[in-house]
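# Examining the three-dimensional arrangement
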Amino acid sequence: MPVFPMEEYAHILDYLAQGLPTKSFAKSEPLCYAIGEEEFKLFEIVPKANANITIGDRVYIGKDAALRTQVDHIKKRVGFEELTSAAKAEMEFAIHDIVMMEQPRFIRFYNEAEAISLRKHMLEELPGLGKKTLIAILDERKKGAFKDFADLGTRVPLLKGPEKLIVKRIELELSDMTLKHYLFVR
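Predicted model only: the values in this text are computed from it and were never measured.

## A look at the layout of surface pockets
If you add up the space inside the largest pocket, you get close to 300 Å³. As for the largest pocket, its lining consists of 14 residues, of which Arg105, Phe106, Leu183, Phe184 and Arg186 are closest to the centre. Across the lining of the largest pocket, the residue classes break down as 9 nonpolar, no polar and 5 charged.

## Focus: the pairing of strand 1 (residues 9-16)
The buried fraction of strand 1 amounts to 6 of the 8 residues, a majority that puts the element mostly inside the structure. Here 6 bridges tie strand 1 to strand 2 (residues 31-36), and the two strands are oriented antiparallel to one another. Looking at strand 2, one finds that Ile12 is bridged to Ala34.

## Examining helix 2 (residues 103-112)
In terms of residue burial, helix 2 counts as a mostly covered element, since 7 of its 10 residues are buried. Restricting attention to buried positions, one finds in helix 2 the residues Gln103, Arg105, Phe106, Ile107, Phe109, Tyr110 and Asn111. Buried residues along helix 2 sit in contact with helix 1 (85-101), helix 3 (131-143), helix 4 (149-155) and helix 5 (162-175).

## Some words on the nonpolar core
Membership of the largest hydrophobic core comes to 36 residues, with the highest contact counts inside it found for Ile35, Phe40, Tyr110 and Ile170. Mapped onto this core, the elements with two or more residues apiece are strand 1, strand 2, helix 1, helix 2, helix 3, helix 4 and helix 5. The leading source of residues in this core is helix 1, at 6 residues. Non-local contacts of Tyr110, meaning those with residues more than four positions away in its chain, are made with Leu123, Leu126, Ile137, Arg141, Phe146, Phe149, Leu152, Leu159, Pro162, Leu165 and Ile166. Core analysis: the next-biggest nonpolar cluster, separate from the first, contains 12 residues, Ile12, Ile45, Ala51 and Val59 among them.

Quick notes on the rules
Here, residues in each chain are numbered from 1, in the same order as that chain's written sequence. Where totals are concerned, whole chains, interfaces and linings use all residues; where local detail is concerned, this predicted model gives features only for residues with pLDDT of at least 70, and gives and counts side-chain atom pairs only at 80 or more. Heavy atoms throughout the structure, all of them, feed into the side-chain values; hydrogens and water do not. In the cavity and pocket records, a cavity denotes points on a 1 Å grid over the protein atoms alone where a 1.4 Å probe fits but cannot get out, a pocket denotes an open set with protein on both sides within 12 Å along at least 5 of 7 lines, and lining residues are residues with an atom within 4 Å of a point. Grid points are joined across faces, edges and corners, and a volume is the space filled by probe spheres set on the points. When residue character is reported, Ala, Val, Leu, Ile, Met, Phe, Trp, Tyr, Cys and Pro are called nonpolar, Asp, Glu, Lys and Arg charged, and the others, Gly included, polar. Burial classification: accessible surface area is computed with a 1.4 Å probe over protein chains only, and a residue below 20% of its type maximum counts as buried, one above 50% as exposed, and the rest as partly exposed. Helix and strand definitions follow DSSP, with helices as H or I runs of at least four residues and strands as E runs of at least two, each counted in order from the N terminus. Pairing between strands requires that DSSP locate at least two bridges from one strand to the other. Whether two residues are in contact is decided by their heavy atoms: any pair within 4.5 Å suffices. In this description, a nonpolar core means a group of buried Ala, Val, Leu, Ile, Met, Phe, Trp, Tyr and Cys residues linked to one another through side-chain atoms lying within 4.5 Å.

Right, here's the structure in full:
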């Protein structure tokens, strides 16, 4: 059984009760596609026989077998292109749930992001964030750290839905392997 360190929990993106469709008549095992909370790794997971899994569930995938109530094992890591259409469609919602659950981690990005080069700032890597908003964030940041997304949104009115920008960036990093900089996905 392969071991994938660092991910303790994952969110179910798709559940295939009959497994992947194949040309043979052999019965295949049920499968789930999931995204890890820490590094946003994508997995193909085999659920336990009696597991009651639905799309959107948060499941334990860590090393402690006693805590694995729904997951039998991780079959393999997968790339974005290997996901089902349903898993791709669910991804935005799962990432949003993770980002909101882990607000301190992602607000720290807004508080600590630095320049990448003389001409580009890490914050500019967020889809839809331009120079004017960047300057507003940096000016407000000098006055004190942002406490959460609500505080950031209140103090920087130009920035609508700061968590949505993080979600879009993570989606981009998962789907586009040609990016020069990765901020959230390892």
